[in-house]
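Examination of the molecular architecture
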Amino acid sequence: MAATTVTDAGSVRIITEVIPATDPRAAQLASGSQTPAPARTSFQTQGFRRAHPKVLGTIHIFTGIVHICFGIILTASEHRNPSLPVASGILFWLGILQLLVSGSLLVESERRDSPMLVKTCCVVNVGIVLGTLVATGIHGTAVTRHVPGCENPKPFQTRPEWCLNTRSKSLSNGLDSTFVLLGLLEFCVAVAVLAFGYDAARRHTYTQLAL
């Protein structure tokens, strides 16, 4: 049986009940008093999370959506005489296959403790680094070229009247310059992911060697 002790301390009465170990209530109290152990993250994942992969992934997702939206608009408006970026399809494959994929992986890497996911993010961002360099070259080349359909005419041919309007070329150069700046942002984000991913992998390897 449980022993009960009553103690009066001024205007306060303290009742203490001692429950033996064989009492079923003792097991319930013991299980309720135990705090769950915090989820432990691997050393490699913990080092990678210092780069705030969710923020970097959000940037990649945002820029990927911008690429896809402008890709649809420019493809619809330039279906007869597509510019170099539209003809190459860089706005779509860089937006869908790389930026949205990388953004989703980076956001997921902050939720899950998976070293394999960290390695996958690094591999994808290697592709983004290469893709942004190619995209910068394509947009830079498009700035130096004439508007599609306004190249030097052949003998006995004249340029269309809309080629005389310089606003179209200015607008095209402005869009290409904007995509170059976005490519620079994507390049910096990808390099940051690779830097933290490499540092985390190097520390993980050093820890294994030390053990």
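A short tour of the structure in this document, coming up. Small disclaimer: the values here were computed from a predicted structure and weren't measured.

Some details on the overall build of the protein chain
Secondary structure assignment for the protein chain yields seven helices and two strands. Reading the protein chain from its N end, one meets helices and strands in the order β-β-α-α-α-α-α-α-α. The buried share of the protein chain, reckoned over its 211 residues, is 31%. As displayed, the protein chain has an accessible area near 13700 Å², and 65% of this comes from carbon and sulfur atoms.

Brief notes about the environment of Ser177
Among the secondary structure elements, Ser177 is positioned in helix α7 (residues 166-210). According to the relative accessible area criterion, Ser177 is partly exposed, its value standing at 37%. The spatial distance from the C-alpha of Ser177 to the C-alpha of Gly140 is 7.7 Å, given a sequence separation of 37 residues.

Quick word on the side chain of Thr132
When you line up the elements, Thr132 lands in helix α6 (residues 115-144). Look at Thr132 and you get buried, because its relative accessible area is 1%. In this structure Thr132 touches Leu94, Gly183, Glu186 and Phe187, once residues within four positions along its chain are discounted.

The rules behind each value
- Residues numbered from 1 in each chain as written.
- Predicted model: local features only at pLDDT ≥ 70, side-chain atom pairs only at ≥ 80, totals over all residues.
- Heavy atoms only, no water.
- Helix = DSSP H or I, 4+ residues; strand = E, 2+ residues; numbered from the N terminus.
- Buried < 20%, exposed > 50% of the residue type's maximum accessible area, 1.4 Å probe, protein only.
- Areas by Shrake-Rupley, 256 points an atom, 1.4 Å probe, with all protein chains shown as cover.
- Contact = heavy atoms within 4.5 Å.

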